[in-house]
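Letter by letter, the chains look like this.
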There are 2 protein chains.
Amino acid sequence: MTKSSYRVALMLGCALVIAPVRAQRDAASTVPPLRIDKQGSFFVGGREIHSDTLASTATRAPSGTITVDQVYVHYQVPAGAQGHPVTFIHGCCLTGKTWETTPDGRMGWDEYFVRKGHGVYVIDQASRGRSAANPSAINRTRLGKAAVDQLPPVYAVSHEEAWTIFRFGPEYPKTFAGLQFPVDAQAEFWKQMVSDWVEALPMPNPTVPALSELARRLQGTILISHSQSGIYPFQTAALNTSGISAIVAIEPAACPAATDSIAPYTRMPILVLFGDYVNLSTRWAPRLKACRDFAQRANTAGGKAEVVLLPDVGFHGNSHMLMQDRNSLEVADWLLAWIDREVEKPTR
Amino acid sequence: MTKSSYRVALMLGCALVIAPVRAQRDAASTVPPLRIDKQGSFFVGGREIHSDTLASTATRAPSGTITVDQVYVHYQVPAGAQGHPVTFIHGCCLTGKTWETTPDGRMGWDEYFVRKGHGVYVIDQASRGRSAANPSAINRTRLGKAAVDQLPPVYAVSHEEAWTIFRFGPEYPKTFAGLQFPVDAQAEFWKQMVSDWVEALPMPNPTVPALSELARRLQGTILISHSQSGIYPFQTAALNTSGISAIVAIEPAACPAATDSIAPYTRMPILVLFGDYVNLSTRWAPRLKACRDFAQRANTAGGKAEVVLLPDVGFHGNSHMLMQDRNSLEVADWLLAWIDREVEKPTR
């Protein structure tokens, strides 16, 4: 099967989101079965704390020990894995679901990278998804033991606000011309969004030391971040560069600041990747510029950092959610080629 | 490879939780690769709401639309699937992680049932894990627009309290003689626990209509619940029995009440499964009795409901978390045989 007919088969197989799953599977049977050597899930990080406000109703015990700050990791390693393991780190108001099946039912990067020979590790950030948030502050206020301004500043981002942040268009519900995000499937995309506890957490985010633990355990992983988590791989490298083969920051909310030590970032290849319409966004244009400044500083210090805009390498119409855009697997192919070219091969 | 040598190979392959994952994979290579026909994730349920308290800080927009009550579903369908698809529904203070890799690193029921030919669907209950919770009530109080008693009664269960509820022993940290739960790996287990929003949600839980949507989409699934979610498959069947091939309630917190219509429960095989030490638990002994009463009522009305205690079929030492106990795959084999014997084969 040629690469392009494989991709057509994939798209055919995955197009029937609404149809019963059995029918979906029949249509998908033109895609060869995936051969998994090992899969599962585990946690990294985490610490035990005592709390007297675990609950605030008469029927539940308020005091005891809970574990917080752990990070859930789901992984798959294909039969005959050859490449570096990759770690996917989602962004604001989302979970590891980001990298799975797209809103319009196509294969996510999680499976695609496995099919391309990589072990794939998908995390939920601390206090998000399957990584527990601590309810003590809510109950402390509910029990009258703390003022209302001590409540955690948990927030949700609305569809309307996300529309602009994710660059589906200039404002809700207008789309940019040529947009690749599958807006017809937006209802399914909105279901991916969750409350964000990040502003209730210490800095750096507890996800960062957990990622460091994961990287050392994997003995060499490519950290692939998105948006809010963009700075996390850099902060992880600042803790300890061992175990990190490369950093790929997809549309990072921030790159390392001019005042940060540059040394850690000279020790591995770094790619900062942006989609389309960046110059139309007052949110993203300055962040792109800051990342360009960072890359220049890293390269001057002997590093190997690249900033790539997808339109400059032939891809047009990509949103902030480029791993879910209609051309997501073509973009993945480009990224896989970058990894193949720029990242030293693992020694086995 | 014989069944028992296969299981030994599994346990050998999975025992090295602390070791680097690459070494783990090498050791696991005696287990044949898993052949997946189709996998991915999607949501069922969900509704759009408007809120003016999505956020409570100066930098974030408080007003807009979000989607709530959706339920995350992760699935895998093996090559050559033959059995009914099974849907795994976790219990209190936990997520879909319940059914994945055990705390001591052995294969979870999610993969084991796939290896036995079933499509497997694992959900996160509404407002839990990758299924978003609504932060509006927290921010409403934080912004001074509602009283503190209007805060959602979110709770966490402590290690000490969970110890008794999950029947690891009579009280923390004592264990029951012969306990099969891997208490040496308890630190990893505690990381699975998350805050529970269930008391902040309407009744029946929004997970129930979402499960009904899933069952109809799967055209026949075995709903396998645990603990808190024990009543959900029954409530789902009360909505609509189509799409439900069988109900397996593992240590349900409740069975249908004597005042509920019995008719829906005469239309599919039902298994209520309990572990060991039930008569030593003031929490679980009355629940077991209530389920026995329910089964009798269902059978009198022409149904086929069974209540089984694992010690009565030769398994000893099982905790409330029996899908994670050391003998979890033997218990799974027993359950698979029950399904094979009692549930009408799918028509393909």
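Residues numbered from 1 in each chain as written. Chains lettered and ligands numbered in written order. Predicted model: local features only at pLDDT ≥ 70, side-chain atom pairs only at ≥ 80, totals over all residues. Heavy atoms only, no water.

Residue and element names in this part refer to chain A. Counted residue by residue, strand β6 (residues 244–250) has seven buried out of seven residues, so it is predominantly covered. Of the strand pairs in this sheet, strand β5 (residues 221–226) and β6 are connected by six bridges, and their pairing is parallel. Looking across to β6, one finds that I222 is bridged to A246. In this region the chain leaves β5, passes through helix α8 (residues 232–239) and returns to the parallel neighbour β6; the handedness of that crossover is right-handed. With four bridges joining them, β6 and strand β7 (residues 269–274) adopt parallel strand pairing. The partner of I247 across the bridge, within β7, is I270. (Buried < 20%, exposed > 50% of the residue type's maximum accessible area, 1.4 Å probe, protein only. Helix = DSSP H or I, 4+ residues; strand = E, 2+ residues; numbered from the N terminus. Pairing = 2+ DSSP bridges. Right-handed = clockwise from strand over helix to strand, strands pointing away.)

Okay, the confidence of the model for chain A next. When pLDDT is low, close inspection of the predicted coordinates is not appropriate. Of all residues in chain A, 91% attain a pLDDT of 70 or more, and the chain-wide mean is 93. Here residues 1–29 of chain A is modelled with pLDDT under 50, and outside its nearest four sequence neighbours on either side it reaches 57 contacts, counting other chains as well. (pLDDT = per-residue confidence, 0-100. Contact = heavy atoms within 4.5 Å.)

We now examine the pattern of salt bridges. Applying the stated criterion across every chain, the model contains 26 salt bridges over all chains. Two residues, R130 of chain B and D124 of chain A, come together in a salt bridge whose shortest N-O distance is 2.9 Å. Residue R130 of chain B is found in the loop between β4 (120–124) and α4 (136–142), and its partner D124 of chain A is found in strand β4 (residues 120–124); the two belong to separate chains. When its relative accessible area of 2% is taken as the criterion, R130 of chain B is described as buried. Here D124 of chain A falls in the buried class, since its relative accessible area comes to 0%. (Salt bridge = Lys/Arg side-chain N within 4 Å of Asp/Glu carboxyl O.)

Time to look at the interface of chain B and chain A. Contacts between chain B and chain A engage 92 residues on the former and 91 residues on the latter. When chain B packs against chain A, close to 7,800 Å² is buried across both sides, 48% of that on carbon and sulfur atoms. Where chain B packs against chain A, one counts 42 residue pairs in polar contact (both at pLDDT 80 or more). For the side of chain B that touches chain A, the element with the most residues is strand β1 (residues 34–51) of chain B, which contributes 13 residues. Among the residues forming the side of chain B that touches chain A, the class breakdown is 40 nonpolar, 31 polar and 21 charged. Bridge count between strand β1 (residues 34–51) of chain A and β1 of chain B: three bridges; the pairing is antiparallel. Each bridged residue has a counterpart across the sheet, and for L34 of chain A the counterpart in β1 of chain B is I36 of chain B. (Buried area = accessible area lost by both parts, 1.4 Å probe. Polar contact = N/O pair within 3.5 Å; in protein donor to acceptor, adjacent residues only side chain to side chain. Nonpolar A, V, L, I, M, F, W, Y, C, P; charged D, E, K, R; others polar.)

With that settled, consider the relation of the copies chain B and chain A. Turning chain B through 180 degrees and shifting it by 0.0 Å along the axis lays it on chain A, with an RMSD of 0.0 Å. As the rotation angle and translation indicate, the two copies are arranged about a two-fold axis. For chain B, the minimum C-alpha distance to the rotation axis belongs to G129 of chain B and amounts to 2.0 Å. (Least-squares fit on C-alpha atoms with pLDDT ≥ 70 in both.)

Our next topic: the pairing of β1 of chain A. Residues and elements named next belong to chain A. Extensive coverage of β1 is indicated by the burial of 13 of its 18 residues. Inspection of the sheet shows β1 paired to strand β2 (residues 64–78) by 14 bridges, in the antiparallel sense. Bridging across to β2, H50 finds its partner in T65.

Turning our attention to the state of the cysteines. Residues and elements named next belong to chain A. The tally for this structure, following the rule as stated, stands at four disulfides over all chains. One disulfide bridge connects C255 with C291, the sulfur atoms lying 2.2 Å from each other. Negative torsions about the S-S bond denote left-handed disulfides, and the value of about 100 degrees found for C255 with C291 makes this one right-handed. Of this pair, C255 sits in the loop between β6 and β7 while C291 sits in helix α9 (residues 285–300), and the two are 36 residues apart along the sequence. Looking at C255, the relative accessible area reads 11%, which means it is buried. Residue classification places C291 among the buried positions, given a relative accessible area of 0%. What links to what in chain A: the bonded cysteines, counted in sequence order, pair as 1-2, 3-4. (Disulfide = S-S within 2.5 Å.)

What follows is about the packing of aromatic side chains. Tallied over the full model, the rule gives 43 aromatic pairs over all chains. Taking 5.7 Å as the distance between ring centres and 70 degrees as the angle between the ring planes, the aromatic pair formed by F166 of chain B and F189 of chain B counts as edge-to-face. With F166 of chain B in the loop between α5 (159–165) and α6 (186–190) and F189 of chain B in helix α6, the pair connects residues that are 23 residues apart, well separated along the chain. The same class applies to F166 of chain B and to F189 of chain B, which are both buried. With a centroid separation of 4.4 Å and 15 degrees between ring planes, the pair formed by F176 of chain B and Y277 of chain B is classed as stacked. Of the two residues, F176 of chain B sits in the loop between α5 and α6 while Y277 of chain B sits in the loop between β7 (269–274) and α9 (284–300), which places them 101 residues apart along the sequence. Each of the two residues, F176 of chain B as well as Y277 of chain B, counts as buried. Here the aromatic residues W163, F166, F168, Y172, F181, F189 and W190 of chain A are joined through ring pairs into a cluster of three or more. A cation over an aromatic ring shows up here: R217 of chain A above the ring of F42 of chain A, its NZ or CZ 4.0 Å from the ring centre. R60 of chain B extends its terminal NZ or CZ atom over the ring of Y155 of chain A, reaching a point 3.7 Å from the ring centre. (Phe/Tyr/Trp six-rings, centres within 6.5 Å; stacked < 30°, edge-to-face > 60°. Lys NZ or Arg CZ within 6 Å of the ring centre and 35° of its normal.)

Attention shifts here to the environment of M107 of chain B. All names here are of chain B. Counting through the fold element by element, M107 comes out in the loop between β3 (86–89) and α3 (109–115). Overall, M107 belongs to the buried group, its relative accessible area being 7%. Each C-alpha atom of the pair M107 and L329 lies 8.3 Å from the other, and the pair is 222 residues apart in sequence.

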